[in-house]
Amino acid sequence: MAAFTADNAFSGFSVDDIDAAKEFYGTTLGLDVELNAMGFLDLRLPRGGSILVYAKPNHTPASFTILNFPVADVDAAVDELIARGVQTKIYSDEEFPSDSRGIVRGNGQGPDIAWFRDPAGNVLAVLQA
């Protein structure tokens, strides 16, 4: 019997506005979002994982991708995100050459991927699985 287990492990990240995060993750992205007793958000993922989203007064957006969404068709997913008001071209072509919708083509060296930001500036991605 081990005292340390990963059975109920979860990840978390900060935002500067919990209400804006709840609207974005719940309404815009359609995730299962619940405000918990501590005033944090619980993002429940379809396969049972969870992510804690907490407000932090001195929040600084993550400089890396905090959440990836694998999809069967990245082009269709990006079109849907854009229709929901999400900006998917967040990097210049000097940083990551991409098409007009922000999709970077892996060309056999990685997945086709498009990054976008939440209202707090954290980076998320949708990628071809």
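This one's a predicted model, so the numbers in the text were calculated from it and none came from an experiment.

## Regarding the sheet that holds strand β8 (residues 123-128)
Pairing in this open sheet of four strands is mixed, and the strands run β5-β8-β7-β6 from one edge to the other. Because the sheet does not close on itself, it has two edges, and the strands there are β5 (65-71) and β6 (103-104). Lying over the sheet, helix α2 (residues 74-83) contacts β5, β6, β7 (113-117) and β8, oriented at roughly 140 degrees with respect to β8.

## Some words on the nonpolar core
Ranked by size, the top nonpolar core spans 29 residues in total, and within it F13, Y25, L29, L43, V53, F116 and V126 carry the most contacts. Where this core is concerned, the elements lending two or more residues are β1 (11-15), α1 (18-28), β3 (41-44), β4 (50-55), β5, α2, β7 and β8. L29 has contacts with F24, F69, L81, R84, F116 and L124, leaving out every residue within four places of it along the chain. Formed by seven residues, the second largest nonpolar core is a distinct cluster that contains I113, V123, A125 and L127.

## Let's talk about the packing of aromatic side chains
One pass over the full model with this rule turns up seven aromatic pairs. Ring geometry for F13 against Y25: centres 5.8 Å apart, planes inclined by 50 degrees, an arrangement best described as tilted. Within this pair, whereas F13 is found in strand β1, its partner Y25 is found in helix α1, the two being separated by twelve residues in sequence. For F13, a relative accessible area of 7% translates into the label buried. Exposure remark for Y25: the relative accessible area of 0% places this residue in the buried category.

## Description of the sheet that holds β1
On the basis of which strands lie adjacent, the open sheet formed by four strands has the order β1-β4-β3-β2 and mixed pairing. Where the open sheet ends on each side, the last strands, each with one partner, are β1 and β2 (32-35). This sheet shows a mean twist of 25 degrees between the axes of neighbouring strands, independent of strand direction. Sheet topology note: the β3/β4 ladder contains four bridges and is antiparallel. Paired with R44 across the strands is S50, a residue of β4.

Rules used in this analysis
- Residues numbered from 1 in each chain as written.
- Predicted model: local features only at pLDDT ≥ 70, side-chain atom pairs only at ≥ 80, totals over all residues.
- Heavy atoms only, no water.
- Pairing = 2+ DSSP bridges.
- Helix = DSSP H or I, 4+ residues; strand = E, 2+ residues; numbered from the N terminus.
- Contact = heavy atoms within 4.5 Å.
- Axes fitted to C-alpha atoms, helices over the stretch in contact; angles between N-to-C directions.
- Core = buried A, V, L, I, M, F, W, Y, C linked by side-chain atoms within 4.5 Å.
- Buried < 20%, exposed > 50% of the residue type's maximum accessible area, 1.4 Å probe, protein only.
- Phe/Tyr/Trp six-rings, centres within 6.5 Å; stacked < 30°, edge-to-face > 60°.

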